[in-house]
Amino acid sequence: KFAKGEWVGLELTEAKGMHDGNVMGTSYFECAPRHGVFAHVDQLAPAALHTPAASPTPEEDAPALPPSQAKTADDSVSLGQEVMWSGQQGVVRYIGSVKFAKGEWIGLELTEAKGMHDGHVMGTAYFECAPKHGIFTQADNLSGKSTPPIATPSESAPAASASDAPVAPPKPLAAAVPQEEVAALPSDEKTADGSISLGQQVAWNGKPGIVRYIGGVKFASGEWVGLELEEAKGMHDGSVMGVPYFACAPKHGAFVQPGQLRPSDEPVAAPEPEEVTTLPSEERTRDGSISLGHTVIWNGKPGTVRYIGDVRFASGEWVGLELSEPTGMHDGTVMHVPYFACKAKHGVFTQAAQLTIGGESPATASASSSTRPSEDKSADGRLWLGREVSWKGNPGTVRYIGKVDFGAGEWVGVEMKEAKGMHDGKVMGVQYFKCPAMTGVFLLPGQVQADHDPRVKARSRGHIETAALQTSDGRLWLGDEVTWKGKKGAVRYIGRVEFAEGEWVGVELVEAIGVHDGSVNGIQYFSCPPEMGIFLLPGQVYAAADKVLAGTSSRPLEGRAAIRQRLGCPIQ
């Protein structure tokens, strides 16, 4: 959430990182403090690729520093200049572009260990300084002394030009200000709706504070309110990502949105944990399958529905659960927005389709216990309710036949004998049939093999009469020698299949580069050795005119003439 593109989070072996896996309130992974860092893939090299080498010379061992500019684009800050940042004194060690953000940035070496790094950020060395003495910021966040620039350390100084021409003295900035008067971004006097004013006493999640900033911010869109909390329960000191919006003690600053605040001149009794002011919830999901207060199962974990509706961290409808055990992710508050209240690590957000209802309230029990009406038989009459079938060799019983909301055409709901399915008969909030958890599965009719299926029995005998003699365009015949991607084969089946629409050609290849033995989803369309059969569309097959393929595979291949003679057809 702090930058665009793909990033890699690392746990370093030494405390030379920037965080503990948490960045701007979002936990991406967990590690010890100062052991976490984010980098781009192209900044990394696999450890296995590093081989021992001869000890480098001091020149080889020194990090390759990107060249720094002598001045900022507006000539307001120069390399080596003494400046003030958020009340901290420092020296400019780098000016220029960086890999972690756009625009022109200034690298400072602070006089005290109140920075974030040692001049190295995300694997790139911009300058050198002691740990926790380095910081990056932008020119408008600085104030400086009208003194000549001090000498920079040799390891961070830019390479001298051929003429060694002296650099002009830097343009002085405004006089330094005391720490309590750090220059911050200008704030609005009131929020857009007039409900909150600068300096107002407010309460946020039960914590009292004072409004110190109102307006836009660089880390998110929209209007935000900066608070100075009375207790150290915030996230910063008024500066976020190097931008000072206001000044307060560390861990006393927080940014929230106006709707999350309550003026303190409207006193209310201190709420119990379960009575925290939260966003209003819908009573039911849009499909009516889940209601507020329902007892549900999520990933095998029981919980109670505490919130239904829209959220600010994703699109669509979401369901907030209070789990019975601390196996969740939060306490009902996500990104400072309180959706519901529960104990820490007991809250989780999911979508209705991922839930199974258990222990429903009496008001909804009758409605949710009903299932969608099923057809008695499949359209081809081969399958019926209660029939014993198999899928991928696993036995089951037909429990539903008909249309579904998640796909087109006719589908068959099967209750497997073992827990090798995907659900309990309920998919995307619709109860088609009922069965134990993880024993239900939906299949297309052609994927289901029924006991004593006459179609399978006939095809398993290799009766080529069940196939067409030629393609509809007359270009390919049974037994024709053909090629596919330069590989030879013979046509063994022409006609319709259960796994797709339209006309298909089954080919027996002369090499084991196919995908089956003529059987697909339990139906034997033709017979050939394993991995020598393949189905193709007619346009993918090229015929070798009137040639008969023979003697090139693991068994003799019957050509067109032999097949037509066996079928009693005139030979052309």
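Keep in mind it's a predicted model, so treat the numbers as computed, not measured.

1. Some details on the overall build of the protein
Thinking step 1. Of regular secondary structure, the protein possesses four helices and 39 strands.
Thinking step 2. The contacts in the protein between residues at least 6 apart in sequence include a share of 50% that link residues at least 24 apart.
Thinking step 3. Counting only carbon and sulfur atoms, one obtains 54% of the accessible surface of the protein, whose full area is about 30,500 Å².

2. Brief notes about the confidence of the model for the protein
Caution applies to low-pLDDT parts of the model: their predicted coordinates are not meant to be read in detail.
Thinking step 1. Looking at the protein, the pLDDT average stands at 76 and 76% of residues meet or exceed 70.
Thinking step 2. Considering only residues more than four positions removed or in separate chains, one finds that residues 48-63, a stretch of pLDDT under 50, has five contacts.

3. Looking at the environment of Gly332
Thinking step 1. When you line up the elements, Gly332 lands in the loop between strand S21 (317-323) and strand S22 (333-334).
Thinking step 2. Along the chain, Gly332 and Val348 lie 16 residues apart, while their C-alpha atoms are 7.2 Å from each other.

4. Section: the pairing of strand S4 (residues 36-39)
Thinking step 1. The two faces of S4 match: Gly36 and Phe38 on one face and Val37 and Ala39 on the other face are all buried.
Thinking step 2. The sheet contact formed by strand S1 (residues 8-11) and S4 spans four bridges and is antiparallel. Its bridge partner lying in S4, Leu10 is registered against Val37.

5. A short note on the packing of aromatic side chains
Thinking step 1. Evaluated as defined, the whole model comprises 25 aromatic pairs.
Thinking step 2. Ring centres of Tyr307 and Phe349 lie 6.0 Å apart, and the angle between their planes is 75°; this geometry places the pair in the edge-to-face category. In this pair, Tyr307 is assigned in strand S20 (residues 301-310) and Phe349 in strand S24 (residues 347-350), connecting sequence segments 42 residues apart.
Thinking step 3. You can call Tyr307 buried: its relative accessible area is 3%.
Thinking step 4. Given a relative accessible area of 11%, Phe349 falls into the buried group.
Thinking step 5. By way of ring pairs, the aromatic residues Tyr493, Phe499, Trp504, Tyr525, Phe526 and Phe535 are connected into one cluster.
Thinking step 6. The aromatic ring of Trp204 is capped on one face by Lys207, whose charged end is 5.1 Å from the ring centroid.

6. Quick look at the pattern of salt bridges
Thinking step 1. Counting across every chain of the model gives 14 salt bridges.
Thinking step 2. Two residues, Arg286 and Glu317, come together in a salt bridge whose shortest N-O distance is 3.8 Å. With Arg286 in the loop between strand S18 (261-263) and strand S19 (295-298) and Glu317 in strand S21, this pair connects stretches of sequence that are 31 residues apart.
Thinking step 3. One salt-bridge network, held together by shared partners, links Arg286, Asp310 and Glu317.

7. Looking at the sheet that holds S20
Thinking step 1. Reading across the sheet, the five strands line up as S24-S21-S20-S19-S25 and stay open at both edges, with antiparallel pairing between neighbours. Where the open sheet ends on each side, the last strands, each with one partner, are S24 and strand S25 (355-357). The mean angle between the axes of side-by-side strands here comes to 45°, regardless of whether they run parallel or antiparallel.
Thinking step 2. The pairing of S19 with S25 spans three bridges and is antiparallel. By the bridge assignment, Val296 is partnered in S25 with Ile357.

8. Comments concerning the side chain of His133
Thinking step 1. As for its position among the elements, His133 is in the loop between strand S9 (124-125) and strand S10 (134-137).
Thinking step 2. Its relative accessible area of 16% is what places His133 among the buried residues.
Thinking step 3. Beyond its immediate chain neighbours, meaning those up to four positions away, His133 contacts Leu108, Glu109, Leu110, Thr111, Glu112, Ala113, Gly115 and His117.

9. Re the sheet that holds strand S31 (residues 440-443)
Thinking step 1. As summarised here, the arrangement of the five strands in space is S31-S28-S27-S26-S32, forming an open sheet in which the pairing is antiparallel. Each edge of the open sheet is held by one strand with a lone partner, namely S31 and strand S32 (449-450).
Thinking step 2. With four bridges connecting them, strand S26 (residues 388-391) and strand S27 (residues 394-402) associate as antiparallel partners. Bridge pairing links Ser390 to Pro395 in S27.

10. A few points about the nonpolar core
Thinking step 1. Core analysis: the largest hydrophobic core is formed by 13 residues, its most contacted members being Tyr94, Val98, Met122, Tyr126, Phe127 and Phe136.
Thinking step 2. Those residues within four positions of Tyr94 in sequence are excluded, and the remaining contacts are Pro66, Pro67, Ser68, Leu79, Trp105, Ile106, Gly107, Tyr126, Phe127 and Phe136.

11. Points about unusual backbone geometry
Thinking step 1. Positioned with a positive phi, Lys485 is a non-glycine residue whose angle comes to about 55°.
Thinking step 2. Mapped onto the secondary structure, Lys485 falls in the loop between strand S33 (480-484) and strand S34 (487-496).
Thinking step 3. The exposure class of Lys485 is exposed, given its relative accessible area of 70%.
Thinking step 4. At Asn521, a residue that is not glycine, the phi angle is positive and equals roughly 55°.
Thinking step 5. Turning to its location among the elements, Asn521 is positioned in the loop between strand S36 (519-520) and strand S37 (523-524).

12. Examining the environment of Leu443
Thinking step 1. Positionally, Leu443 belongs in strand S31.
Thinking step 2. Of the residues examined, Leu443 reaches a relative accessible area of 2% and is grouped as buried.
Thinking step 3. Expressed as a C-alpha distance, the spacing of Leu443 and Glu410, which sit 33 residues apart in the sequence, is 9.1 Å.
Thinking step 4. The residues contacting Leu443, other than those within four sequence positions of it, are Trp391, Trp411, Val412, Val414 and Val448.

13. What about the side chain of Arg93?
Thinking step 1. Assignment of secondary structure puts Arg93 in strand S6 (residues 88-96).
Thinking step 2. Taking relative accessible area as the criterion, Arg93 reaches 7% and is therefore assigned buried.
Thinking step 3. Only 2.7 Å separates the side chain of Arg93 from the side chain of Glu109, close enough to count as a polar contact.

14. Side note on the pairing of S21
Thinking step 1. Within S21, six of the seven residues are buried, which leaves the element mostly enclosed by the surrounding structure.
Thinking step 2. In terms of strand pairing, S20 meets S21 through seven bridges, oriented antiparallel. Within S21, the residue paired with Asp310 across the bridge is Glu317.
Thinking step 3. Direction of pairing for S21 relative to S24: antiparallel, over a ladder of four bridges. Note that in S24 the partner of Gly320 across the bridge is Phe349.

Rules behind the numbers
Residues numbered from 1 in each chain as written. Predicted model: local features only at pLDDT ≥ 70, side-chain atom pairs only at ≥ 80, totals over all residues. Heavy atoms only, no water. Helix = DSSP H or I, 4+ residues; strand = E, 2+ residues; numbered from the N terminus. Contact = heavy atoms within 4.5 Å. Areas by Shrake-Rupley, 256 points an atom, 1.4 Å probe, with all protein chains shown as cover. pLDDT = per-residue confidence, 0-100. Buried < 20%, exposed > 50% of the residue type's maximum accessible area, 1.4 Å probe, protein only. Pairing = 2+ DSSP bridges. Phe/Tyr/Trp six-rings, centres within 6.5 Å; stacked < 30°, edge-to-face > 60°. Lys NZ or Arg CZ within 6 Å of the ring centre and 35° of its normal. Salt bridge = Lys/Arg side-chain N within 4 Å of Asp/Glu carboxyl O. Axes fitted to C-alpha atoms, helices over the stretch in contact; angles between N-to-C directions. Core = buried A, V, L, I, M, F, W, Y, C linked by side-chain atoms within 4.5 Å. Polar contact = N/O pair within 3.5 Å; in protein donor to acceptor, adjacent residues only side chain to side chain.

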